[in-house]
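One letter stands for each residue in the lines below.
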2 protein chains.
Amino acid sequence: MSVLIPRPAPHGGRLEERVVHDRELGKKLAKGCAASFDIRATLDENGVPVRNVYREIMSICYGFFSPVEGSMKKAEVERILKERRLLNEWVFPYPLVFDITEEELKDLGVTVGDRLLLRLKGKPFAILDIDEIWRIDDPEDLAHRTFGTPEANPEVVNEPFNAKMPGWVIYKNLSPVVLAGKYRIINEPTFLPPFDKFWYPPLKSRAEYDRRGWRTVINHQTRNVPHVGHEFLMKDAAYTGDLEPCHGIQVNAIIGVKRPGDYPDEAIIEGHAAVNEGGYIKPERHIVTFTLWDMRYGNPLESMLHGIIRQNMGCTHHMFGRDHAAVGEYYDMYATQTLWSKGIPSYGFPDAITEVPYGLHIRPQNMREFWYCPVCNEIAYSECCGHTKEKQKFSGSFVRGMVAEGLFPPKVIFRPEVYKVIVKWWKHFDYPFCNPKYVKEKEQRLEVDLPDMDI
Amino acid sequence: MSVLIPRPAPHGGRLEERVVHDRELGKKLAKGCAASFDIRATLDENGVPVRNVYREIMSICYGFFSPVEGSMKKAEVERILKERRLLNEWVFPYPLVFDITEEELKDLGVTVGDRLLLRLKGKPFAILDIDEIWRIDDPEDLAHRTFGTPEANPEVVNEPFNAKMPGWVIYKNLSPVVLAGKYRIINEPTFLPPFDKFWYPPLKSRAEYDRRGWRTVINHQTRNVPHVGHEFLMKDAAYTGDLEPCHGIQVNAIIGVKRPGDYPDEAIIEGHAAVNEGGYIKPERHIVTFTLWDMRYGNPLESMLHGIIRQNMGCTHHMFGRDHAAVGEYYDMYATQTLWSKGIPSYGFPDAITEVPYGLHIRPQNMREFWYCPVCNEIAYSECCGHTKEKQKFSGSFVRGMVAEGLFPPKVIFRPEVYKVIVKWWKHFDYPFCNPKYVKEKEQRLEVDLPDMDI
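These numbers were taken from a predicted model, which means no experiment stands behind them.

1. Section: the overall build of chain A
(1) Moving on: Of regular secondary structure, chain A possesses 14 helices and 17 strands.
(2) Moving on: Against the compact-globule benchmark of 23 Å for 455 residues, chain A has a radius of gyration of 22 Å, which places it among compact chains.
(3) Moving on: With respect to the three principal axes, the spread of C-alpha positions in chain A is 70 × 50 × 45 Å.
(4) Moving on: Out of the 455 residues in chain A, the part that is buried amounts to 55%.

So, in structure tokens, the structure goes:
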């Protein structure tokens, strides 16, 4: 019997790395393109940006989504919707496509076999080798099938998805023509500060954990500035491991399109860094990273993608709390934990996602709730603390409300170092949370700049 | 891949249960005895009790020490001293023998093949079927070989063992004649309060964990009234598990001969119960149990026995801290963790004790230190908290000193409910810690009474 938990291989057996580092080769590939397309945001009915495909291209080409190689063919999307598996058998939750309008297709004039140059912020960025061109006949149907329905997925879906669910809105607003094929980045973007310091694509994160001697690493998913409850979730979940607690705690922020009321991405990522800079989790055991992705909020489905990303990054464990990557009441509160503990047959998994063939190899740490307990005098865990009468719960929404009112939160809610980060970006953006102006400007600015590349 | 950690089978494959529940059969077996012997304490050179073999008989017959069946033959003791294995291959750390003087042997007049009746507190208690009679030629040599030496065990032994080491004193003061053979309890003792409430021999504990739905259970070793640092060790180590934190936390107190300065056993066991009665770890997740054993303080060797006991009791995990079951500076501070993480070749284990053939199947949770951190404002873990300048350490010895001075300890050190238990037994015994009077009286009182049994 070995008690040691091995670092899992990348999902699909090996890491995708679809980035051309040789600039001359990049130029040559760009020159061979039949046409060129300026990447644009996906907009909702009101013209608000809800997604930018550049983030998918980045995450695919840097290996976060291994073994996905590009924009999916129709048969692959159909298999995902039915079985949540790629054509190569490996589990995967969501369709990922490069979608354009009929007018755009006409203007481009490309056909199967052509290579398309994709420009970002006006610069050459990536290429797409078109293997298939297919149509999304009914994007609303695609949106429904992507997330499910209470009838089809009674184990975990409570309410029909609708226009208040950001992931559903993304699929609903896809353009009808899909150019399917593999991506390659031919002109590496550079990250804007503060993101540049936190960029650890899988090859780099795995090397970093070797360098640090981290045999076991647990991931913390975030899209929040961490309050003390988040810090305790991180610290306490990390006591799992094999013969000792996990060596490392990886924070992986999902950075992408924002909704009004979210914390700005800059505050999220620097807020997490403040946790280790302040010594609450020492830097030797803590690393802050991010992945570019416009969250789909698919709770168990999202957790599957999160597992794939973090397994690819070299984590052995992933903590999952209540309402993981969820919005509203669409899903059962513990739907993600159900996927990881016993499976969700209606999504194609009669057993836990770690136990099915071609499944995941990162291990879940399914956590319940934390609250402040004045009797224990600490942030207590619901499965430990017996003071259910005295407990004081504070949700992220409650904390956001307090911040919005301009109240300086007590230390038991925010570490002062973390709160300073909120204030810093509050001053920078004039408001502590994303407003429509931030959302719009961010989708023009994005997280990157691109070097010039003459072709 | 299955991430689920199975409850390990008992050590040696099955539980020993050597207790005759049928009183008529018990009487019949007692009547067939060739002679009768009144169990007495082992005394040191000053006449102070240092061990009572009745505790070994209890732990063997109720299955805590499975697969050990009785007092060991010479060949088995020799194999243990060389390889730390029983003759049936299973790992085991210590010689366990029924020892008497030459005079006692003469008085008894027994020979190999005889059945000996063992009396406790004047009542029939157990029988010993004598398979072999052998001599301990040099008890000091036995004591040295039992624990090792800096020369023979350079990986973990720093200083030669001597008369300040209680385990060494036990072996040094054994009587020279060993009656080897299997025990059976023929008249079940009843536990004195407060022990009666906490008696969970392996068959009962395993059934209890089934009843509670505890698939994963982590053990906490204790011979202390728990201060808040112990409580955090328990709570935090228990976040390990498989797909979620351990379902149950088993406290297993080693109850036996006391040293002056120890907390009374009554305070230890009720102090742990106060942790769940006070709701700091809710009773649904916490159980207090004990095992009768005169601690040998053999650090890694002791941890091996602790692993055997708790595996037999049905635990999946065992937490090990610094200086596990140690006294003085004889052993390396992390010798136990070495045994469980990579093995100690000089004791016969070139690999971790869970990885060797016929080894253990309970899993270690090797923990570092806890301290109070005024910046984090909590009992912090050394591998997490970066405030090494601000930290405030409090050892068990420091806490004992404060209690001895009559200072009411702050809540950050003792939960009030736990401290009340100390005070309760302090009033009962006139002193918060064991004094020579307590030690002597306890070894007459023991932890049990026996029913009358006419034979």
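Having seen it, we continue.
2. Remarks on the domain arrangement of chain A
All names here are of chain A.
(1) Moving on: Domain boundaries in chain A define domain 1 (23-188) and domain 2 (195-443).
(2) Moving on: Relative placement of domain 1 and domain 2: their C-alpha centres are 26 Å apart.
(3) Moving on: On the side of domain 2, 41 residues touch domain 1, which itself brings 36 residues to the contact.
(4) Moving on: In terms of residue count, the dominant contributor to the side of domain 1 that touches domain 2 is strand β3 (residues 49-52) (4 residues).
(5) Moving on: Class assignment of the residues belonging to the side of domain 1 that touches domain 2 gives a composition of 20 nonpolar, 7 polar and 9 charged.

3. Concerning the relation of the copies chain B and chain A
(1) Moving on: The two copies are related by a screw operation: chain B maps onto chain A through 180 degrees of rotation and 0.0 Å of translation along the axis, at an RMSD of 0.0 Å. Taken together, the turn and the small shift mark the pair as related by a two-fold rotation axis. Of the C-alpha atoms belonging to chain B, the one lying closest to the rotation axis is found on Thr-240 of chain B, 1.8 Å away.
(2) Moving on: Same-surface contact between copies: 100% of interface residues of chain B are shared with the interface of chain A.

4. Some points on the interface of chain B and chain A
(1) Moving on: With 36 residues of chain B at the contact, the number on the chain A side is 36 residues.
(2) Moving on: Elements supplying a minimum of two residues to the side of chain B that touches chain A: α8 (228-237), α11 (335-341) and β14 (363-366) of chain B.
(3) Moving on: Of the residues belonging to the side of chain B that touches chain A, the class tally is 14 nonpolar, 12 polar and 10 charged.

5. Re the sheet that holds strand β13 (residues 317-320) of chain B
Residues and elements named next belong to chain B.
(1) Moving on: Here 5 strands make up an open sheet; going across it, the order is β12-β11-β10-β13-β14 and the pairing parallel. Each of the sheet's edge strands pairs with one partner strand only, and the pair in question is β12 (286-292) and β14. The average undirected angle you get between the axes of adjacent strands in this sheet is 30 degrees.
(2) Moving on: Relative to β13, strand β10 (residues 217-222) runs parallel, the two being bridged by 2 bridges. Bridging across to β13, Asn-219 finds its partner in His-318.
(3) Moving on: The strands touched by helix α9 (residues 265-277) within the sheet are β10, β11 (248-255) and β12, with β12 carrying the most contacts at an inclination of about 165 degrees.

6. Re the sheet that holds strand β11 (residues 248-255) of chain A
All names here are of chain A.
(1) Moving on: Judged by pairing direction, the sheet is parallel, and its 5 strands sit side by side in the order β12-β11-β10-β13-β14 without closing on themselves. For this open sheet the edge positions go to β12 (286-292) and β14 (363-366), each flanked by a neighbour on one side alone. Shown here is a sheet whose adjacent strand axes are inclined to one another by a mean of 30 degrees, direction ignored.
(2) Moving on: Across 6 bridges, the pairing between strand β10 (residues 217-222) and β11 is parallel. Following the sheet pairing, Gln-221 is matched in β11 by Asn-252.

7. Regarding the packing of helix α9 (residues 265-277) of chain A against helix α13 (residues 416-429) of chain A
Residue and element names in this part refer to chain A.
(1) Moving on: α13 packs onto α9 with a crossing angle of 155 degrees between their chain directions and a minimal axis gap of 8 Å. Compared by their axis directions, α9 and α13 come out roughly antiparallel. Between α9 and α13 the crossing geometry is right-handed. Residue-level inspection shows Glu-266, Ala-267, Glu-270, Gly-271, Ala-274, Val-275 and Glu-277 of α9 in contact with α13, the latter providing Glu-417, Val-418, Val-421, Ile-422 and Trp-425.

8. Observations regarding unusual backbone geometry
(1) Moving on: The omega torsion across Ser-66 of chain A and Pro-67 of chain A is 10 degrees, close enough to zero to call that bond cis.
(2) Moving on: Looking at where Pro-67 of chain A falls in the secondary structure, it is placed in the loop between α2 (53-61) and β4 (70-71).
(3) Moving on: The amide bond that connects Pro-193 of chain A to the next residue, Pro-194 of chain A, takes the cis arrangement and shows omega of 5 degrees.
(4) Moving on: By the element assignment, Pro-194 of chain A lies in the loop between β9 (190-191) and α7 (202-212).
(5) Moving on: Of note, Tyr-297 of chain A is a non-glycine position whose phi angle comes to about 60 degrees, a positive value.
(6) Moving on: Of note, Tyr-297 of chain A is situated in the loop between β12 and α10 (300-312).
(7) Moving on: Note on Tyr-297 of chain A: 24 C-beta atoms within 10 Å, which makes it buried.
(8) Moving on: Phi angles above zero are rare outside glycine, and Asn-377 of chain B is one such case at about 60 degrees.
(9) Moving on: Within the secondary structure layout, Asn-377 of chain B lies in the loop between β15 (370-373) and β16 (378-381).
(10) Moving on: Exposure remark for Asn-377 of chain B: the 16 C-beta atoms within 10 Å place this residue in the partly exposed category.

9. What to know about the pairing of β16 of chain B
Residues and elements named next belong to chain B.
(1) Moving on: Here β15 runs beside β16; their pairing, made up of 4 bridges, is antiparallel. Bridging from a neighbouring strand, Cys-373 pairs with Glu-378 of β16.
(2) Moving on: Where β15 folds back onto β16 in an antiparallel hairpin, the turn is made up of 4 residues, including Asn-377, whose phi is positive at roughly 60 degrees.

10. Brief notes about α2 of chain A
Residues and elements named next belong to chain A.
(1) Moving on: By the criterion of burial, α2 is predominantly enclosed, with 9 of the 9 residues buried.
(2) Moving on: Residues Val-53, Tyr-54, Arg-55, Glu-56, Ile-57, Met-58, Ser-59, Ile-60 and Cys-61 constitute the buried set of α2.
(3) Moving on: Residues of α2 that are buried make contact with β3, β4, β6 (115-120), β7 (123-135), β8 (177-185) and β12.
(4) Moving on: Following α2 by one or two positions, Gly-63 has its phi on the positive side, about 90 degrees.

11. Let's talk about the nonpolar core
(1) Moving on: Residues Ala-126 and Ile-127 of chain A together with Ala-126 and Ile-127 of chain B are the most contacted members of the largest nonpolar core, which totals 276 residues.
(2) Moving on: Sequence-distant contacts of Ile-127 of chain A, defined by excluding residues within four places in its chain, comprise Leu-29, Ala-30, Cys-33, Arg-115, Leu-116, Leu-117, Leu-118, Arg-184 and Ile-186 of chain A.

What counts and what doesn't
- Residues numbered from 1 in each chain as written.
- Chains lettered and ligands numbered in written order.
- Predicted model: local features only at pLDDT ≥ 70, side-chain atom pairs only at ≥ 80, totals over all residues.
- Helix = DSSP H or I, 4+ residues; strand = E, 2+ residues; numbered from the N terminus.
- Rg over C-alpha atoms; globule rule 2.2 N^0.38 Å.
- Buried ≥ 20, exposed ≤ 12 C-beta atoms within 10 Å, placed from the backbone.
- Domains from an automatic or database assignment.
- Contact = placed C-beta atoms within 7 Å.
- Nonpolar A, V, L, I, M, F, W, Y, C, P; charged D, E, K, R; others polar.
- Least-squares fit on C-alpha atoms with pLDDT ≥ 70 in both.
- Pairing = 2+ DSSP bridges.
- Axes fitted to C-alpha atoms, helices over the stretch in contact; angles between N-to-C directions.
- Parallel < 35°, antiparallel > 145°, perpendicular 65-115°, else oblique.
- Left-handed = near helix turned anticlockwise from the far one by under 90°.
- Core = buried A, V, L, I, M, F, W, Y, C linked by C-beta atoms within 7 Å.

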